[in-house]
Each structure stands twice: as structure tokens, then as C-alpha cells.
Amino acid sequence: RKMSETPALVGAKRGHVACDADVDALAYWNDPQGDRDNSFKSPFGLPSEKPKYLVFTPDKGGFNNVRMSFEIIFILAAALDRILVLPPEQPMYLLRNDQSKKHRGLDHFFDMDGDDYKKRVKYMTMEQFIVTEGHPNGQFPVPPHMMRTLVGASKV
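Cut-offs applied
- By convention here, each chain's residues receive numbers from 1 onward along its written sequence.
- Local features in this predicted model are restricted to residues of pLDDT 70 or higher, and side-chain atom pairs are both shown and tallied only at a pLDDT of 80 or more, whereas totals for entire chains, interfaces and linings draw on every residue.
- Side-chain descriptors were evaluated using all non-hydrogen atoms of the structure, hydrogens and water having been removed beforehand.
- Each residue is assigned to one of three classes by its accessible area relative to the maximum for its type, calculated with a 1.4 Å probe on protein chains only: buried under 20%, partly exposed between the two thresholds, exposed over 50%.
- Each helix is a run of H or I in the DSSP string that is no shorter than four residues. Each strand is a run of E no shorter than two, and both are numbered from the N terminus.
- By arc we mean the arc of the directions from the helix axis to the C-beta atoms, nothing more.
- By definition, residues are in contact when any of their heavy atoms lie within 4.5 Å.
- For this analysis, a nonpolar core means a set of buried residues of the types Ala, Val, Leu, Ile, Met, Phe, Trp, Tyr and Cys, connected via side-chain atoms within 4.5 Å.
- Definitions used for this entry: grid spacing 1 Å over protein atoms alone; cavity, a set of points where a 1.4 Å probe fits but cannot get out; pocket, an open set with protein on both sides within 12 Å along at least 5 of 7 lines; lining residue, one with an atom within 4 Å of a point.
- Grid points are joined across faces, edges and corners, and a volume is the space filled by probe spheres set on the points.

Colleague: So what's going on with helix α4 (residues 126-133)? Residues and values would help.
Modeller: By the burial criterion, the buried members of α4 are M126, F129, I130 and E133. With its buried residues spanning 95° around the axis, α4 presents them on a single face. Considering only its buried residues, α4 is in contact with β1 (53-55), β2 (83-86), β5 (123-125) and α5 (144-153).

Written out as C-alpha cells, the structure is:
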């Protein structure tokens, strides 16, 4: 089917890859997204007095495994209307060989502050999550004597 005949793709255009060669056929995303995607509202995001979170911890596999896992978690966070909690920067398999930057966060690889991300999913760092929810009345109370250590570990 042509894109114009597929309801989910009405208003969409295939993404562009900035490269010296024409590799746009490799783009698996649409930019702009279609009308249906732009107007999507999750049927699972039930109103709640307290914010709901989804914490992501990548596995120790290669970057492609981490990327695919993150894309799935991002979709779940959007569908469930959860705030995505990003892991602290950490060494990533094969990328840790870069002596200038051993620890990396996912925001180095994804445009987390781009409009497409911001309109779909709210996110925060692990440090922000601990500070926000680690108080005695929070959803993740941390004993006061451990707070400094835990916040420090979330920055690694």
C-alpha cells in the first residue's frame, strides 16, 4: 500500500538520515509522524494522585541490545503514561574502550529533549527520582543516613 492509503501513515513522511550517501531507505521512522500518532492518547493512563514511574536499567549487552530495550521501555512508558526514570551514566559494552568518555547515559544517543520525545513521555534522571521520591513521605523512602550515598551512586 502507498503511505497515503494507510490510515496510520496519513500526514507522515519517511525520516531522513543525514549522510553523504543517500541512505534514507534505512530510516524506519517517520518525520513528521502521521496524524494518528500525533493525536494518540493512551487508554491505559489512568488518573492518579501520585505520579507513576517506570525505571529502566539496561543490560550489559551491546549498544544495539540496549537501544532496542530502551525503545520498548519508551513505548511502554508512553502507553502506560508513566514517568521514565533513566539510569545513571555507566560503561557500555565496547563503548567503554573510549578513554575520553567511559560512562555514558542514554540521553547521549537519543534526543530526549526533542519535541517528539517530550510530547510522548516525561522523564527524569535516577538522581532526580531519588531526590523527588526518597523523602519519608515519598514513594521510595530512603533512610536519611543513606540518602547522600544513594544520590552519589545515582550520579556515577
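Moving on from the coordinates now.
Colleague: Can you tell me about the nonpolar core, naming the residues and giving the values?
Modeller: Judged by nonpolar contacts, the single largest core of 15 residues is most densely connected at F70, L84 and L106. Secondary-structure elements contributing two or more residues to this core are α2 (63-80) and β2. If one sorts the elements of this core by residue count, α2 sits on top with 6 residues. If near-sequence neighbours (up to four positions away) are discounted, L84 is found in contact with L54, F56, F70, I73, F74, A77, V121, K122, Y123 and M124. In this structure, Y53, I83, M124 and I130 belong to the second largest nonpolar core, which totals 8 residues.

Colleague: Requested: an account of the layout of surface pockets, with residues and values cited.
Modeller: In this structure, the largest pocket spans a volume of roughly 980 Å³. Considering the residues around the largest pocket, the lining is formed by 23 residues, among which W29, Q33, F74, D116 and Y117 are closest to the centre. For the lining of the largest pocket, the elements supplying multiple residues, two or more each, are α2 and α3 (115-120). Among the elements that make up the lining of the largest pocket, the one with the highest residue count is α2 (8 residues).

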